Amino acid sequence: MEWLRSATRALAEAARLDPESLYLSEGEASTLLEVARLAAQASGERTNAPLLCFIMGVARGRGAALEEMASAVRRLAGGGAQSGRE
């Protein structure tokens, strides 16, 4: 996790943000990894994992709750997300 903390500090510096505002808790990291796994497995496309996490990050920045978004992905993945495969 040290590499991620270093990368977060570098990104914060580049964006002129406080690194503390960007660090992930263990729970947040676990949720994002689960969502990424579900996106890749349900869609059959590994590239959907980072793209979905980016979209979630944008939504989070606009006030969406991480757990509510994760729940939506869980429902989608459990409900035959293969039909949305690109």
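You'll find the structure just up there.
Here the structure is a predicted model, which is why all the values come from computation and not from measurement.

Further remarks concern the nonpolar core. By size, the foremost hydrophobic cluster in this structure holds seven residues: Val35, Leu38, Met56, Leu66, Met69, Ala70 and Val73. Only α2 (26–43) and α4 (66–78) provide two or more residues apiece to this core. Considering each element in turn, this core owes the most residues, four residues, to α4.

The next thing to look at is the packing of helix α3 (residues 48–61) against α4. Two elements in contact, α3 and α4, have axes separated by 10 Å at closest approach and are oriented at 145°. Handedness of the α3/α4 crossing: right-handed. Every residue of α4 that contacts α3 at Leu52, Met56, Ala59 and Arg60 is listed here: Leu66, Met69, Ala70 and Val73. Tallied by class, the residues present in the contact of α3 with α4 amount to seven nonpolar, no polar and one charged.

Residues Met1, Trp3, Leu4 and Leu24 make up a contiguous nonpolar surface patch of about 480 Å² in total accessible area. Along the chain, Trp3 turns up in helix α1 (residues 2–15). Of the residues examined, Trp3 reaches a relative accessible area of 68% and is grouped as exposed.

Attention now goes to the pattern of salt bridges. This model, assessed by the stated rule, comprises three salt bridges. A salt bridge links Arg9 to Glu2, with the shortest nitrogen-to-oxygen separation between them at 3.3 Å. A salt bridge links Glu34 to Arg74; its shortest N-O distance comes to 2.9 Å. Separated by 40 residues along the polypeptide, Glu34 in helix α2 and Arg74 in helix α4 bring together distant segments of the chain. Residues participating in the shared-partner salt-bridge network are Glu34, Glu67 and Arg74.

Here is what the cut-offs are and how they apply
- Residues numbered from 1 in each chain as written.
- Predicted model: local features only at pLDDT ≥ 70, side-chain atom pairs only at ≥ 80, totals over all residues.
- Heavy atoms only, no water.
- Core = buried A, V, L, I, M, F, W, Y, C linked by side-chain atoms within 4.5 Å.
- Buried < 20%, exposed > 50% of the residue type's maximum accessible area, 1.4 Å probe, protein only.
- Helix = DSSP H or I, 4+ residues; strand = E, 2+ residues; numbered from the N terminus.
- Axes fitted to C-alpha atoms, helices over the stretch in contact; angles between N-to-C directions.
- Left-handed = near helix turned anticlockwise from the far one by under 90°.
- Contact = heavy atoms within 4.5 Å.
- Nonpolar A, V, L, I, M, F, W, Y, C, P; charged D, E, K, R; others polar.
- Patch = residues over 30% accessible without salt bridge, like charges linked within 9 Å, V, L, I, M, F, W, Y side chains within 5 Å.
- Areas by Shrake-Rupley, 256 points an atom, 1.4 Å probe, with all protein chains shown as cover.
- Salt bridge = Lys/Arg side-chain N within 4 Å of Asp/Glu carboxyl O.

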